[in-house]
Amino acid sequence: MSLPLRARPAVRPDLALLEGYHSPQVDVAIRLNTNEAPVPPPPAFADALAAELSRIQWHRYPDRAATALREAVAAAHGVEPEQVFAANGSNEVLQTVCLAYGGHGRKAALFSPTYLMHGQIAAVAGTEVVVGARAADLTLDLAEVERVVVEHDPAVTFVCSPNNPTGTIEDPATIAAVADLAPGVVVVDEAYGQFADRSALELVGDDRPLVVTRTFSKTWSMAAARLGYLIGPTWLVAELEKVVLPYHLDAAKQVAGRVALRFGAEMEERVAALVAERRRLVDRLGALPVQQWRSDANFVLFRPLDRPGRQVWQGLLDRSVLVRDCSSWPGLDGCLRVTVGTVAEDDAFLDALTEVLQP
Ligand SMILES: *Cc1c(COP(=O)(O)O)cnc(C)c1O
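Here is a short report on the structure shown in this document.

The next subject is unusual backbone geometry. A cis amide bond links Ser161 with the next residue in sequence, Pro162, at an omega value of -5 degrees. Within the secondary structure layout, Pro162 lies in the loop between β5 (156–160) and α6 (172–181). Residue Pro165 is bonded to the preceding Asn164 through a cis peptide linkage, with omega at 15 degrees. Residue position: Pro165 is located in the loop between β5 and α6.

Most of strand β11 (residues 321–325) is tucked away: five of the five residues are buried. One ladder, built from two bridges, connects β11 with strand β12 (residues 336–339); its direction is antiparallel. Across the sheet, residue Arg324 finds its bridge partner in β12, namely Arg337.

Here we come to the pattern of salt bridges. Taken as a whole and judged by the stated rule, the model has 18 salt bridges. The salt bridge involving Glu241 is made with Arg70; its shortest N-O contact spans 3.4 Å. With Glu241 in helix α7 (residues 234–243) and Arg70 in helix α2 (residues 67–77), this pair connects stretches of sequence that are 171 residues apart. Overall, the relative accessible area of 27% leaves Glu241 in the partly exposed class. For Arg198, the salt bridge is made with Asp197, and the minimal N-O distance between the two is 3.0 Å. When its relative accessible area of 62% is taken as the criterion, Asp197 is described as exposed.

This part is about the sheet that holds strand β9 (residues 290–292). Ordered by their spatial adjacency, five strands build an open sheet running β1-β11-β12-β10-β9, and the pairing between neighbours is mixed. A single partner strand is all that each edge strand has here, and the edge strands are β1 (30–32) and β9. On average, each strand axis in the sheet is tilted by 35 degrees relative to the strand beside it, whichever way the strands run. Against the sheet, helix α11 (residues 343–356) engages β1, β10 (299–304), β11 and β12, with an angle of about 95 degrees to β1.

What counts, and where the lines are drawn
- Residues numbered from 1 in each chain as written.
- Predicted model: local features only at pLDDT ≥ 70, side-chain atom pairs only at ≥ 80, totals over all residues.
- Heavy atoms only, no water.
- Helix = DSSP H or I, 4+ residues; strand = E, 2+ residues; numbered from the N terminus.
- Buried < 20%, exposed > 50% of the residue type's maximum accessible area, 1.4 Å probe, protein only.
- Pairing = 2+ DSSP bridges.
- Salt bridge = Lys/Arg side-chain N within 4 Å of Asp/Glu carboxyl O.
- Axes fitted to C-alpha atoms, helices over the stretch in contact; angles between N-to-C directions.
- Contact = heavy atoms within 4.5 Å.

Encoded structure:
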């Protein structure tokens, strides 16, 4: 027997309307819907990790400051460990920023269409979300950024570059301009940063309230580990440390991240291969009746020209190919997003799509 609806305690009124985040995990042969890496980390990584895991003192709390992991991340980016904050996936990094700088009576700005979780995380943290529009080519429009930040004085401003789900990248100069305009913390979500040739990392310093977030979920083939981090001003990282739960990063994850960073060269090879494969996918899509957008990430946004997006999505699913259905998202009418997979997976997708789009 379940408690009847009317007898259940009500959630916070500002949460009642939230729908949650859904990316359906259905059982299909070809999964190109969540932008994961198509192959696991190198076997040598698994071996090295197993050896390190056997040395963990499981009866002890882990290093609360994640010292060794932060040193390794800092070394990889040429920054100081005090500029690194790590958490359980970059989503938890974003949540921690919102808990520290957003919250009741404060606002977070984002520019749509963009990563749905930015608004979701900000709202769950009690932050009012204000939404600006992107330019027609889906890049940031600085006049619109200025309008939104002047009108709303946001405590947090989100920029996603390369942007999910559009693939659009921003120049560091544009991001610096956003940081000049925005009054609060500017969060540059670079979950796909390694696939691009530009980064806002060069803008990070103690003189600017700007952070860049990264994740092990995409490039590093480690979505299962749930590990992400940000690089930001030391004084901001110190504030985030006050907000997280004690020992929020477990020992196994700290080790996994540290060991992964020893395989930087292998990861870079994989990124290069995915970028080459993205070019091939884009070329092949160009021969089909779809509109597509330039992508600097490991996915491509496209819109079937003479067929409803939802119908094409279903047609692909009927052929055991799962892509992301963005067709009902604001500003993305009829659009689908496909993750760059292996050559075989992408060929299966292209074959299925060709069939579905047959006149
Ligand atoms: C996938 C993705 C993330 C990753 O989140 P994790 O919690 O690190 O898995 C963050 N931001 C964007 C834009 C993403 O697409």
